[in-house]
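A closer look at the structure
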Amino acid sequence: MVLNNIEKLLEKYENGETTLKEEQVLKNYFTSDTVAPHLEHYKPMFAYFLVNQQEQFTKDIPLNTKRIFNYKWISVAAVAVLMLGVYFTMSLFNADSCETDLVGTYCEPEKAFEEVSRSLAMISEKLNKGTSTIGYLNEMNKGTSTLGYLNEIENTKNIIFKN
């Protein structure tokens, strides 16, 4: 009867449906020396729970209620704000003046237009040179059109002689 009750409690325990009293009954049973042989594999688990329940944390936790004001981080933040201020101030003053050290930029729109016009003229010249080399294709088209006339002659011959 006791063994049957323990097996039912184990089933409830595995499903997570036991109360604290039922769990205590299981702990007491498995820590005793009279455990059924087919339930021996539960014994180390409940022994661990018993040892774990008796553990206590003994280390002191220091509670520091004073807040130490860290001036080092304030100085870092101040330097960062100062550098950002200098950077944005310099960029505002340099926005009106023309920067000649940047590659590929022009301050005067006329110069930029002339440069773009020269680049496009060079591209056009190279493209025209490439298309002129394929002019022989027109001659080939002329040749194929004369072959078309030969086909017409062949068709006419077939009609006349009715092969």
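A brief report on the enclosed structure follows. Along each chain, the written sequence defines residue order, and numbers are assigned to residues from 1. Only residues with pLDDT of at least 70 are given local features in this predicted model, and only at 80 or more are side-chain atom pairs given and counted; all residues enter the totals for whole chains, interfaces and linings. Calculated side-chain values reflect all of the structure's heavy atoms, with hydrogen atoms and water omitted.

This next bit is on the packing of aromatic side chains. Put simply, two rings from Phe, Tyr or Trp (the six-membered ring, in Trp's case) pair if the centres are within 6.5 Å, and we call them stacked under 30 degrees between planes, edge-to-face over 60, tilted for the rest. Considering all chains together, one arrives at seven aromatic pairs under this definition. Between Tyr-87 and Phe-88, the aromatic rings sit 5.3 Å apart at their centres with planes inclined by 65°, giving edge-to-face as the arrangement. Three labels apply to residues, based on accessible area from a 1.4 Å probe with only protein chains included: buried if under 20% of the type maximum, exposed if over 50%, partly exposed otherwise in between. On the accessibility criterion, Phe-88 (49% relative accessible area) is partly exposed. Taken together through their ring pairs, the aromatic side chains of Tyr-13, Tyr-29, Phe-30, Tyr-42, Phe-46, Tyr-48 and Phe-49 make up a single cluster.

The next point concerns helix H5 (residues 109–132). Secondary structure is summarised from DSSP: a helix means a run of H or I of at least four residues, a strand means a run of E of at least two, and numbering begins at the N terminus for each. How far a helix is expected to stretch is found by multiplying one less than its residue total by 1.5 Å. Compared with the 34 Å implied by 1.5 Å per residue over 24 residues, the 35 Å span of H5 between its first and last C-alpha is a close match. Judged by how many residues are buried, H5 sits mostly at the surface: zero of 24 residues are covered.

For helix H1 (residues 2–15), spanning 14 residues, the distance from its first C-alpha to its last is 20 Å, which sits close to the expected 20 Å at 1.5 Å a residue. Turning to H1, its buried residues are Ile-6, Leu-9 and Leu-10. The buried residues of H1 occupy an angular sector of 105° when the element is viewed end-on, so they sit on one face. Opposite the buried face of H1, at more than 90 degrees from it, the exposed residues are Lys-8, Glu-11 and Asn-15. The reported arc concerns the directions from the helix axis to the C-beta atoms and nothing else.

Here we take up the packing of helix H2 (residues 20–31) against helix H3 (residues 43–54). Across the interface, H2 lies against H3 with an axial gap of 9 Å and an inter-helix angle of 115°. With respect to their mutual orientation, H2 and H3 come out roughly perpendicular. Handedness of the crossing formed by H2 with H3: left-handed. Counted together, Leu-26, Lys-27, Phe-30 and Thr-31 of H2 and Lys-43, Phe-46, Phe-49, Leu-50 and Gln-53 of H3 form the full contact between these two elements. When residues are grouped by polarity, Ala, Val, Leu, Ile, Met, Phe, Trp, Tyr, Cys and Pro land in nonpolar, Asp, Glu, Lys and Arg in charged, and all others, Gly among them, in polar. For the contact of H2 with H3, a count of residues per class yields five nonpolar, two polar and two charged. Here an angle of 0 to 180 degrees is reported between the N-to-C directions of two axes, which are lines fitted to C-alpha atoms, with helices fitted over the stretch in contact. Each angle is binned into one of four classes, with values under 35 degrees roughly parallel, values over 145 roughly antiparallel, values of 65 to 115 roughly perpendicular, and all other values oblique. For any helix crossing, the convention is left-handed if the near helix is rotated counterclockwise from the far helix by under a right angle, and right-handed if that rotation is clockwise. Throughout, a contact is declared for two residues whenever any of their heavy atoms are within 4.5 Å.

Take a nonpolar patch on the surface next. The patch calculation keeps residues exceeding 30% relative accessible area without a salt bridge and links them within 9 Å when they carry like charges or within 5 Å when they are nonpolar (Val, Leu, Ile, Met, Phe, Trp, Tyr). Method for areas: the Shrake-Rupley scheme with a 1.4 Å probe, in which residue coverage is limited to the protein chains shown. Whenever a carboxyl oxygen of Asp or Glu lies within 4 Å of a side-chain nitrogen of Lys or Arg, that contact is scored as a salt bridge. There is a patch of nonpolar side chains on the surface, built from Val-116, Leu-120, Met-122 and Ile-123 and spanning about 400 Å² of accessible area. Structurally, Met-122 is set in helix H5.

So, about the pattern of salt bridges. Any two side chains of opposite charge can pair, given that their charged atoms come close. Throughout the structure, instances matching the rule amount to three salt bridges. Residue Arg-118 pairs with Glu-115 through a salt bridge whose shortest N-O separation is 2.5 Å. In this pair, Arg-118 and Glu-115 both sit in helix H5, three residues apart, roughly one turn of the helix. Relative accessible area serves as the criterion here: at 26%, Glu-115 is assigned to the partly exposed category. When the shortest N-O distance is used, the salt bridge between Glu-154 and Lys-157 registers 3.6 Å. In this pair, Glu-154 and Lys-157 both sit in helix H6 (residues 136–161), three residues apart, roughly one turn of the helix. When its relative accessible area of 37% is taken as the criterion, Glu-154 is described as partly exposed.

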